[in-house]
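Take a look at the letters that make up each chain.
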Amino acid sequence: MLEALQLPFMQRALLAGLLVGGLASYLGVMVVQRRLSFLGDGLAHAAFAGVALGLLLHQEPLWVAIPFAVGVSLAITWVRERSSLSDDTAIGIFFAMSAALGVLFMSLRQGFAPDAVAYLFGSILTVTPTDLWVMGLVALGVAALLPLWPDWAYATFDRELALADRRPVLLHDYLLAALIALVVVVSVKVVGIVLMAAFIVIPAAIARLLSQTFAAMTLGAVGIGAFSVLPGLAAAYLFDIPAGSAIVLTQALFFLLALGLRRF
């Protein structure tokens with residue numbers, strides 16, 4: 001494994017995995033605590049529709065998928081805020097619509113699209129320097145918004161009180177939805193659309209089992225999300241298995257261990 005890390009593509013894969021693991025887990029804490037775990041799947045399928053549209057238009061899929069997924073995330077938030085529909089119903093509607101659009105766009109494209117398969121199932125070993133730059137910019141954006149974490153935490157635990165306290169809860173809801181969409185889009189090439197929701201939910205769920213405070217849960221989730229990339233990549237290299245699934249299975253193993261520790 002140490003020899004493999006001398007290869008540039010393995011170095012890019014490791015850096016991409018660490019960035020994605022940390023970012024997805026940081027935002028995943030808000031998703032899990034607000035009971036919006038289905039949101040990861042919904043936005044992953046929105047990213048799939050955006051990727052398919054980009055391939056159909058012969059454009060770079062990433063640049064088409066970003067505004068598409070962000071638009072869907074804002075629309076989901078708007079429906080949740082403005083209607084009496086439950087959160088999972090609003091997400092489910094846009095989940096189905098995005099999946100249908102993705103299938104439609106792919107059917108209109110002539111010939112086989114290997115790029116689409118890479119986005120569906122992930123291809124961390126093919127991450128390019130451009131992909132890393134985009135992930136880095138998103139990470140900087142998330143870091144710049146760290147001062148908003150106390151307000152996000154406040155609204156997560158007591159939304160009504162935060163509104164009564166004149167906190168900009170609605171604005172933060174839209175901002176958080178857009179950030180989650182950005183992270184999902186830049187992450188799908190690493191772990192794949194099919195497994196993206198696991199990166200958001202599992203590390204946060206593990207941290208919730210083991211943490212006493214929300215701050216500890218956030219830090220723990222980021223650490224677990226980033227650390228799980230190391231054994232996952234090692235297993236993928238040693239056993240010649242897909243890296244995305246190896247990382248998610250590593251996270252699932254950590255979850256079972258955390259569940260056992262919590263129980264006993």
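Here's a quick rundown of the structure.

## A few points about the overall build of the protein
Within the protein one finds 13 helices and 0 strands. Its C-alpha atoms give the protein a radius of gyration of 18 Å, near enough to 18 Å, the size a compact globule of 264 residues would have. Of the contacts formed within the protein by residues at least 6 apart in sequence, a portion of 76% connects residues at least 24 apart. Put simply, the protein shows about 12600 Å² of open surface, and 70% of that area lies on carbon and sulfur atoms. Of note, the protein has its 13 positive side-chain charges centred 5 Å away from the centre of its 14 negative side-chain charges.

## Points about the packing of aromatic side chains
Tallied over the entire structure, the rule returns 4 aromatic pairs. Relative to F95, the ring of F38 has its centre 5.4 Å away and its plane inclined at 25 degrees; by these criteria the two rings are stacked. Taken together, the residues span a long stretch of sequence, with F38 in helix 2 (residues 38-56) and F95 in helix 4 (residues 87-108) at a distance of 57 residues. On the basis of relative accessible area, F95 is assigned to the partly exposed category, the value being 22%.

Criteria and thresholds
- Residues numbered from 1 in each chain as written.
- Predicted model: local features only at pLDDT ≥ 70, side-chain atom pairs only at ≥ 80, totals over all residues.
- Heavy atoms only, no water.
- Helix = DSSP H or I, 4+ residues; strand = E, 2+ residues; numbered from the N terminus.
- Rg over C-alpha atoms; globule rule 2.2 N^0.38 Å.
- Contact = heavy atoms within 4.5 Å.
- Areas by Shrake-Rupley, 256 points an atom, 1.4 Å probe, with all protein chains shown as cover.
- Lys, Arg positive; Asp, Glu negative; His and termini not counted.
- Charge placed at Lys NZ, Arg CZ, Asp CG, Glu CD.
- Phe/Tyr/Trp six-rings, centres within 6.5 Å; stacked < 30°, edge-to-face > 60°.
- Buried < 20%, exposed > 50% of the residue type's maximum accessible area, 1.4 Å probe, protein only.

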